[in-house]
Amino acid sequence: MKEVQFREALREAMSEEMRRDETVFLMGEEVAEYNGAYKVSQGMLDEFGEKRVIDTPIAELGFAGIGVGAAMNGLRPIVEFMTFNFSLVAIDQVINSAAKMYQMSGGQFNIPMVFRGPTGSAGQLAAQHSQAFENWYANCPGLKVVVPSNPADAKGLLKSAIRDNDPVIFMESEQMYGDKGMIPEGEYLIPIGKADVVRKGKDVTIVSFGKIMKVANAAAKELAKEGIEAEVIDLRTVRPIDYATVIESVKKTNRMVVVEEAWPLASISTELTYSVQKDAFDYMDAPVKRVTCQDTPLAYAPTFVEEWLPNVERTVEAVKSVLYVK
């Protein structure tokens, strides 16, 4: 095992796959000469050259479309959005081209490509740069959506995403690029669509993914001080969702709280709530509770940021409410 930063884990994944397969290449704003807006691709231009690490204009629709065309012609592009807030400019290519081309071509064209970059809020970036679109992309058939929470998962899942023959949305967090964590030495893969039970417990199931796993884990530690044993599940992938792992946990704990950085309507937590009541209704001892962002665009002031995001206090409160304790 070795300790690396989140950004280094991503870089290792991309570099290893580019060494293994010459059809893999990286393109996006500032990925080459500037070494990446968040230094994820640092040094990759020097190793792989300008034909495989490509700086693009500020034109997300254009370079997303180039990526789709490249994938249709046998290459494996990694398209980096400086933030998924900017992917809205390119969403027609993502949804109407990448996600649907395999079906519309009758199976003639696979689209083996990855759209990756940061998602969600990153402090005081205000309304247009603080949005989480995991549930938007997860709603679309033809896409896979991966949201890792730590360096080890980031590397193993990104390698799997690059090798996948379908388009994968790979969503990170600006606030996690400097996070450090242990990863295995050498090459390893983590399968897409398999959740991780990161903490065992018997009293309640807490489900989350991405950087909000920090909130879920911190809440579980606080609850443990009061003798409440929470089982914590990291989804890792929100399309496909590992329903089986969630249902198995709920059948044991009989209660569930979902913590998610998203607006509440039509969120991943909403989907999980439906699935649990459908498949584990007879095991439930309380309604499912969810902890999401507030149902407004994010304001700039730090006091609003703190109040808007899911936090430990709200999560602990939700857990106690499903346990009927104060």
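Every chain is numbered on its own, with residues counted from 1 as its sequence reads. Totals for whole chains, interfaces and linings use all residues, but because this is a predicted model, local features are given only for residues with pLDDT of at least 70 and pairs of side-chain atoms are given and counted only at 80 or more. Working from all heavy atoms in the structure, the side-chain values ignore hydrogens and water.

Comments concerning the packing of helix 9 (residues 243–253) against helix 10 (residues 268–279)
The geometry of a pair of packed helices is captured by two quantities: the angle between their axes and the separation between those axes.
Part 1 of the argument: Fitting a line to C-alpha atoms yields each axis, with helices limited to the stretch in contact; the angle taken between N-to-C directions then spans 0 to 180 degrees. Secondary structure counts use DSSP, requiring at least four H or I residues in a row for a helix and at least two E residues in a row for a strand, with both numbered from the N terminus. Packing of helix 9 against helix 10 leaves a shortest axis separation of 10 Å and a crossing angle of 60 degrees. When the interaxial angle is binned, helix 9 and helix 10 end up oblique. Crossing of helix 9 over helix 10 shows right-handed handedness. For the pair formed by helix 9 and helix 10, the contact residues are Tyr243, Val246, Ile247, Val250 and Lys251 on the first element and Glu271, Leu272, Ser275, Val276 and Asp279 on the second.
Part 2 of the argument: Of the residues assigned to the contact of helix 9 with helix 10, the class counts are six nonpolar, one polar and three charged. For classification, angles of less than 35 degrees are called roughly parallel, those exceeding 145 degrees roughly antiparallel, those between 65 and 115 degrees roughly perpendicular, and all remaining angles oblique. Left-handed describes a crossing in which the near helix is turned anticlockwise from the far one by less than a right angle; the clockwise case is right-handed. Contacts were defined at the residue level, with two residues in contact if any of their heavy atoms lie within 4.5 Å. Amino acids are sorted into nonpolar (Ala, Val, Leu, Ile, Met, Phe, Trp, Tyr, Cys and Pro), charged (Asp, Glu, Lys and Arg) and polar (every other residue, Gly among them).

Re helix 8 (residues 213–224)
Part 1 of the argument: The span you would expect from a helix comes to 1.5 Å times its residue count less one. Over its twelve residues, helix 8 runs 16 Å from end to end, which matches the ideal 16 Å to within 8%, given 1.5 Å per residue.
Part 2 of the argument: For helix 8, the secondary structure elements touched by its buried residues are strand 9 (196–199), strand 10 (204–208), strand 11 (230–234), strand 13 (256–259) and helix 12 (312–323).

Regarding the pairing of strand 8 (residues 180–183)
Part 1 of the argument: Buried residues are those whose accessible area, probed at 1.4 Å on protein chains only, stays under 20% of the maximum for their type, while exposed residues exceed 50% and partly exposed ones sit between those limits. Judged by which residues are buried, strand 8 turns out to be one-sided: Gly181 and Ile183 face inward and are buried, whereas Lys180 and Met182, on the alternate face, are not.
Part 2 of the argument: At least two bridges found by DSSP between two strands is the condition for calling them paired. Summarising the sheet, strand 1 (residues 2–5) and strand 8 pair through four bridges and their orientation is antiparallel. Looking across to strand 8, one finds that Glu3 is bridged to Met182.

A short note on the pairing of strand 4 (residues 76–80)
Part 1 of the argument: Burial within strand 4 is extensive, with five of its five residues counted as buried.
Part 2 of the argument: Both strand 2 (residues 24–28) and strand 4 contribute to a ladder of five bridges, which runs parallel. By the bridge assignment, Phe25 is partnered in strand 4 with Pro77.
Part 3 of the argument: Bridge count for strand 4 against strand 5 (residues 114–118) is three bridges, and the pairing is parallel. By the bridge assignment, Val79 is partnered in strand 5 with Phe115.

Nothing here speaks to function; it is geometry throughout.
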